[in-house]
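So the chains spell out like this:
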Amino acid sequence: MTALPDPHYQAEFYADTPIKRLIAWFVDALVIFALTFAVAILTIGLGFFIFFGLFMVLGFAYRVVTLANGSATWGMRLVAIEMRTADGARFSLLPAFLHTLGYSVSIGMPLLQLISIVLMLTTERRQGLTDMVLGTVAINRAA
């Protein structure tokens, strides 16, 4: 049993979440890029020499902090979705960290990312690979 909305009787919670996650991903990437660019400038240009590493570290921190403080990144908030644990609770620091770690591993391995995308498009709750492992889910925010 789970406290998450039933995908058969409450399908509206899962409607369009894969496309919303994609839009949120692009928005978050732009936010992270802007943060990384600002930090690179603030380091008197030295940050540009390690831009990719800085982007990865700031991206990880951004995802953990925003997920832990609102159960959604800024991009997710824009498209009105949020993450929930298997018991229906909003994310706290540990699930935010574990979800971000799983996301980081899968983004670094194209085959895992492809599997995750296929799962999001085919499973009842539209869960990606990390979501399946952790029992988490992205749902539409209640109006």
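A brief report on the enclosed structure follows. Counting from 1, residues in each chain are numbered in the order their sequence is written. The predicted origin of the model limits local features to residues at a pLDDT of at least 70 and limits the giving and counting of side-chain atom pairs to 80 or more, whereas totals for whole chains, interfaces and linings rest on all residues. The side-chain quantities take in all heavy atoms of the structure and omit both hydrogens and water.

### Let's talk about the pairing of strand β1 (residues 81-84)
Turning to step 1, where the next piece is worked out: Because side chains alternate across β1, one face comprises the buried residues I81 and M83, and the other comprises E82 and R84, equally buried.
Turning to step 2, where the next piece is worked out: Looking at chain direction, β1 and strand β2 (residues 137-140) are connected through 4 bridges and run antiparallel. Within the sheet, the bridge partner assigned to M83 lies in β2 and is A138. Partly exposed describes any residue whose relative accessible area lies between the buried limit of under 20% and the exposed limit of over 50%, with all areas from a 1.4 Å probe on protein chains only and scaled to the type maximum. In this description a helix means any DSSP run of H or I spanning at least four residues, a strand means any run of E spanning at least two, and both kinds are numbered starting from the N terminus. Strands are treated as partners if at least two bridges between them are detected by DSSP.

### What about unusual backbone geometry?
Turning to step 1, where the next piece is worked out: The phi dihedral of A80 falls on the positive side, at around 65 degrees, and the residue is not glycine.
Turning to step 2, where the next piece is worked out: With respect to the secondary-structure elements, A80 resides in the loop between α3 (74-78) and β1.
Turning to step 3, where the next piece is worked out: Take A80: its relative accessible area is 25%, and that puts it in the partly exposed class.
Turning to step 4, where the next piece is worked out: Phi at R126 takes a positive value of approximately 55 degrees, unusual for a residue other than glycine.

### Brief notes about the pattern of salt bridges
Turning to step 1, where the next piece is worked out: In the sections that follow, a salt bridge refers to a side-chain nitrogen of Lys or Arg positioned within 4 Å of a carboxyl oxygen of Asp or Glu. The tally for this structure, following the rule as stated, stands at 3 salt bridges.
Turning to step 2, where the next piece is worked out: The residue R21 makes a salt bridge to D131 at a minimum N-O spacing of 2.7 Å. With R21 in helix α1 (residues 17-42) and D131 in helix α6 (residues 129-134), this residue pair connects regions lying 110 residues apart in the sequence.
Turning to step 3, where the next piece is worked out: Using a relative accessible area of 13% as the deciding quantity, one classes R21 as buried.
Turning to step 4, where the next piece is worked out: Where R84 meets E82, a salt bridge forms, and the shortest distance between an N and an O atom there is 2.4 Å. An identical accessibility class is assigned to R84 and E82; each is buried.

### A word on helix α2 (residues 51-70)
Along an α-helix, a turn takes 3.6 residues, which lines up residues three or four apart on a common side.
Turning to step 1, where the next piece is worked out: In this model α2 runs 28 Å from its N-terminal to its C-terminal C-alpha over 20 residues, within 8% of the 28 Å that 1.5 Å per residue would give.
Turning to step 2, where the next piece is worked out: All buried positions along α2 are accounted for by F51, L54, G59, Y62, R63, V64, T66, L67 and G70.
Turning to step 3, where the next piece is worked out: Of the residues trailing α2, S71 is marked for its positive phi of about 60 degrees. Expected span of a helix: the number of residues minus one, times 1.5 Å.

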